[in-house]
Amino acid sequence: MESISVILPAFDDSHNLKSQLESLNNQTLLPKEVIIVDSSSDNKVEDLINLITSTVQIKYFRIGRGFKFDRYLFLLSRIFHFLRGKYDFSNTRAYPSEAINYGANKACGEILAFIDMSTLPDTNWLEDYVGYLNKSNDVVFGVTQYQYKTNIQKLIHFSTFGFTPRESNPGSLVWKTKYLSNKVLEGYRSGVDLEWRNRIRECLKTFTPKKKYLVYNSLSLSVSSFLRKMFVYQMHSVPLKIQKNTKDIVFALFLIFLSLTLSRWNYI
């Protein structure tokens, strides 16, 4: 049986660690190891690992330490060189894609399994997915059902993900040798998951199950935080070759608005 390395990025979400490790220890096919790549602003994840009993081997790696606006300050330090002498921004947080790639390089398993703190898998996730991989597939994508608890989350849920399970990077399994040649792009906070799946389809044999295997239960608790999060995500995904139709529609609407505004500028 092929060995599996589960890669789990962490950033200030220690409250989800116990339930995630329990779900991984309850798999009908246990992984060889769980690789936790942490760039939290505190040591809570590391402290919890030392208190949790796990049948599966846990490997913990610290990669950076996040703080407010750290990646933006790092970018500014690259533009304004005088900042480098005063502040050290080299040890900032890792984006999820960077944590995944770091974990992939440290993995010992033949198969890499991607998961995050907020996405809990069914108990038969790994067993079924290894079966899919062994049917001559290079990658099996995750299938996630998004859930809500509060009325605000319900509103966000209905206006975005809906009831239909969605293809996702969390939950995906891939042969390690294939992934190391086709890694997720680094340097972007969001959008790289969709870019990776689009790119992988062009060069590898992929499969997406028809039923859900994971649930996500950490939708934003307020509309303002959701809008702020989506704005940041969209700004990061602008340079990526994804959602082309959506970008074209938004740009066309902007041009229409601009032409109407300019033609009536004196009146306005």
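Residues numbered from 1 in each chain as written. Predicted model: local features only at pLDDT ≥ 70, side-chain atom pairs only at ≥ 80, totals over all residues. Heavy atoms only, no water.

Asker: Describe the pairing of strand 1 (residues 4-10), and please don't skip the residues or the numbers.
Answerer: The side chains of a regular strand alternate between both faces of the sheet. The buried fraction of strand 1 amounts to seven of the seven residues, a majority that puts the element mostly inside the structure. Side chains Ile 4, Val 6, Leu 8 and Ala 10 project from strand 1 onto one buried face, and the interleaved Ser 5, Ile 7 and Pro 9 project onto a second face that is buried too. Two elements, strand 1 and strand 4 (residues 111-114), share four bridges in a ladder whose sense is parallel. Of the residues in strand 4, the one forming a bridge with Ile 4 is Ile 111. In this sheet, strand 2 (residues 33-38) lies alongside strand 1 in parallel orientation, the contact comprising six bridges. The residue bridging Pro 9 from the neighbouring strand is Val 37, located in strand 2. Handedness of the β-α-β unit built from strand 1, helix 1 (residues 17-25) and strand 2 comes out right-handed. (Buried < 20%, exposed > 50% of the residue type's maximum accessible area, 1.4 Å probe, protein only. Helix = DSSP H or I, 4+ residues; strand = E, 2+ residues; numbered from the N terminus. Pairing = 2+ DSSP bridges. Right-handed = clockwise from strand over helix to strand, strands pointing away.)

Asker: Which residues make up the pairing of strand 7 (residues 166-175), and what values go with them?
Answerer: The buried count for strand 7 comes to seven of ten residues, which makes it a mostly enclosed element. As paired elements, strand 6 (residues 139-146) and strand 7 share five bridges and run antiparallel to each other. If you follow Val 143 over to strand 7, its bridge partner there is Glu 167.

Asker: Please set out the environment of Glu 195 residue by residue, giving values where relevant.
Answerer: Following the sequence through the fold, Glu 195 ends up in helix 9 (residues 192-203). Judged by relative accessible area, Glu 195 falls into the buried class, the value being 12%. Expressed as a C-alpha distance, the spacing of Glu 195 and Leu 185, which sit ten residues apart in the sequence, is 8.3 Å.

Asker: Explain helix 1 to me, and be specific about the residues and the numbers.
Answerer: Those residues of helix 1 lying buried are Leu 17, Gln 20, Leu 21, Ser 23, Leu 24 and Asn 25. Where helix 1 is buried, its residues contact strand 1, strand 2, helix 2 (44-49), strand 3 (57-62), strand 5 (119-121) and helix 6 (125-133). (Contact = heavy atoms within 4.5 Å.)

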